[in-house]
Amino acid sequence: MTEIKPGESSGGYGLLPPLLLLIAGSLLATTLIFSRLASDEGAAMLWFLSLVMGGAGLLLYAVVLITGKATGSFRSLFRYSLIAGCFQALPMAMAYLSVGHVGAGYIALAYAFPLLMTYLLALLFRMEGFRLMRTLGVAVALAGGLMLAQGKYDGLAAGSEALGWVVIASVIPVIVAGGNLFRTRFWPKGAAPLHLAAMMLMMASLVSLPFALMFEGTAGLTGLAASPTLVIFTLANIALFALQFVAYFQLQLLAGPVYMSQIGSVSAAVGTPVAVIMLGETLPPVFPVAVLLIVAGAILFQIRLSRRGPVPTSS
């Protein structure tokens, strides 16, 4: 059987890539909602994130061992997973720490932008060819994003510490896009998606732990363990993370980084209305216009979307 290479065209897989996209994006939105609920309960968010990623990674690794999917060179897997784990841990930490300040709706919208950022970085590193409509789509959607961020700024009090969190949340898409490209470009030869997902999450947890200890101390961990509600939120997010990253890596293998980064758009479509309706969050007055620009940009981006060829990989 011919081995599938990361980033190959999704054309031969029918409805599987769109289905994986819908699953992964919806699960991402759900984990962000749970993170907001945990923040509202007073959770130490770095500990919460570390436990969620570590628990999901261990759960997936158990499945890897049971199913015999632990293939590939350990050295390549370790190096890849450590770097991918850093790319995963940093934006997630930024999201989990800022969600209580800017809201789950704004974080969900921030995750709509890796699609555009991934394309720009793919152009820079020559992993994608220049296409006028895609570039125009990027420009239109970025205008909407800047309008949304400005609207969020205007809605905050001068000198509010939340201003800084808006900046932090707005940087998330750039880091996520870098991770999307790294995982495809350096996918270890012969490695299974489930194995990589498990190792990346475990490494991301290990990277986060020192910062949890430094900024939240052991009291943050004991506080999580002492609250039945937070224990339930943590276990729920572990299960959601595990399912999300099964779909996440399988989609990356089949369709490549640019297609896969549409996960954020699905997350925004699901998470923003849920945050408004269920969590009572408010959005800036410019929100309708900004979203129209973002949607228009995404539509322009998808016009005459051609099938991608394989992305070169290295072990």
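Residues numbered from 1 in each chain as written. Predicted model: local features only at pLDDT ≥ 70, side-chain atom pairs only at ≥ 80, totals over all residues. Heavy atoms only, no water.

> Would you mind going over the overall build of the protein with me for this structure?
The number of helices and strands found in the protein is 11 helices and zero strands. Secondary structure elements of the protein, listed N to C terminal, follow the sequence α-α-α-α-α-α-α-α-α-α-α. Burial statistics for the protein: of 315 residues in total, 51% are counted as buried. Summarising the internal contacts of the protein: among those between residues at least 6 apart in sequence, 88% fall at separations of at least 24. (Helix = DSSP H or I, 4+ residues; strand = E, 2+ residues; numbered from the N terminus. Buried < 20%, exposed > 50% of the residue type's maximum accessible area, 1.4 Å probe, protein only. Contact = heavy atoms within 4.5 Å.)

> Hey, could you run me through the side chain of T118 in this one?
Locating T118 in the fold gives a position in helix α5 (residues 114–124). When its relative accessible area of 0% is taken as the criterion, T118 is described as buried.

> Please explain empty space enclosed by the protein as it appears in this structure.
One water molecule sets the probe size; rolling that probe over the atoms shows where empty space is left. With the rule as written, the count across this model stands at two cavities of 30 Å³ or more. Considered as a void within the structure, the largest cavity measures approximately 190 Å³ in volume. Counting residues per element, the ones that place at least two in the lining of the largest cavity are α3 (74–102), α7 (162–185), α9 (228–260) and α10 (263–279). Tallied by class, residues from the lining of the largest cavity come to 11 nonpolar, six polar and one charged. (1 Å grid on protein atoms, 1.4 Å probe; cavity = no way out; pocket = protein on both sides within 12 Å on 5 of 7 lines; lining within 4 Å. Points joined across faces, edges and corners; volume = space filled by probe spheres on them. Nonpolar A, V, L, I, M, F, W, Y, C, P; charged D, E, K, R; others polar.)

> Teacher, can you tell me more about the packing of aromatic side chains here?
How two aromatic rings sit relative to each other is set out by the distance from centre to centre and by the angle between their planes. Scanning the entire structure with this criterion turns up 10 aromatic pairs. Members of the aromatic cluster, connected to one another through ring pairs, are W187, F241, F245, Y248 and F249. Its end group placed over the ring of F249, R183 keeps NZ or CZ at 6.0 Å from the ring centre. Over the face of the ring belonging to F186 we find R185, whose NZ or CZ atom lies 5.3 Å from the ring centre. (Phe/Tyr/Trp six-rings, centres within 6.5 Å; stacked < 30°, edge-to-face > 60°. Lys NZ or Arg CZ within 6 Å of the ring centre and 35° of its normal.)

> Whenever I open this one, the nonpolar core confuses me. Can you help?
Nonpolar side chains tend to gather and get buried jointly when the protein is soluble and globular. One finds I107, Y111, F241 and F249 to be the most contacted residues of the largest nonpolar core, which totals 72 residues. Going through the elements one at a time, α1 (16–40), α2 (45–67), α3, α4 (104–110), α7, α8 (193–226), α9 and α10 are the ones with two or more residues in this core. Per-element accounting of this core gives the leading share, 15 residues, to α9. Dropping the residues within four chain positions of it, I107 is found in contact with L32, A95, S98, V99, V102, A169 and I172. (Core = buried A, V, L, I, M, F, W, Y, C linked by side-chain atoms within 4.5 Å.)

> Please clarify how the pattern of salt bridges should be interpreted in this entry.
Note that side chains of opposite charge can pair when their charged atoms are close. Evaluation of the coordinates by the stated rule reveals one salt bridge. In this structure, D40 and R36 form a salt bridge, with 2.9 Å as the shortest nitrogen-oxygen distance. Taken together, the residues span about one helical turn, with D40 and R36 both in helix α1 at a distance of four residues. Judged by its relative accessible area of 47%, D40 is partly exposed. (Salt bridge = Lys/Arg side-chain N within 4 Å of Asp/Glu carboxyl O.)

> So what exactly am I meant to see when it comes to the confidence of the model for the protein here?
Low pLDDT means the predicted coordinates in that region are not meant to be read closely. Mean pLDDT for the protein: 81, with 85% of residues reaching 70 or above. Per-element mean pLDDT across the protein ranges from 73 in helix α6 (residues 132–154) up to 95 in α2. In this model, residues 306–315 is a region of pLDDT below 50 whose contacts with residues beyond four sequence positions or in other chains number 32 contacts. (pLDDT = per-residue confidence, 0-100.)

> Would you explain the environment of L22 in this entry?
By the element assignment, L22 lies in helix α1. In sequence terms L22 and S265 are 243 residues apart; their C-alpha atoms lie 9.7 Å from each other.

> Would you mind going over α10 with me for this structure?
For the α-helix, the turn length of 3.6 residues means that residues three or four positions removed from each other point alike. Between the first and last C-alpha of α10 there are 22 Å, a value that for 17 residues agrees with the 24 Å anticipated at 1.5 Å per step. Among the residues making up α10, those that are buried are I263, G264, V266, S267, A268, G271, T272 and A275. Just downstream of α10, G280 is the residue with a positive phi angle, here 70 degrees. (Expected span 1.5 Å × (residues − 1).)

> Looking at this structure, how should I read the environment of S170?
With respect to the helices, strands and loops of the structure, S170 is situated in helix α7. A relative accessible area of 34% places S170 in the partly exposed class. Between the C-alpha atoms of S170 and Y106, which are 64 residues apart in sequence, the distance is 9.1 Å. At 2.7 Å, the side chain of S170 forms a polar contact with the backbone oxygen of V166. (Polar contact = N/O pair within 3.5 Å; in protein donor to acceptor, adjacent residues only side chain to side chain.)

> Please explain the environment of A204 as it appears in this structure.
Among the secondary structure elements, A204 is positioned in helix α8. On the basis of relative accessible area, A204 is assigned to the buried category, the value being 0%. Ignoring any residue separated from it by four or fewer positions in sequence, one finds A204 in contact with M53, G85, Q88 and A89.

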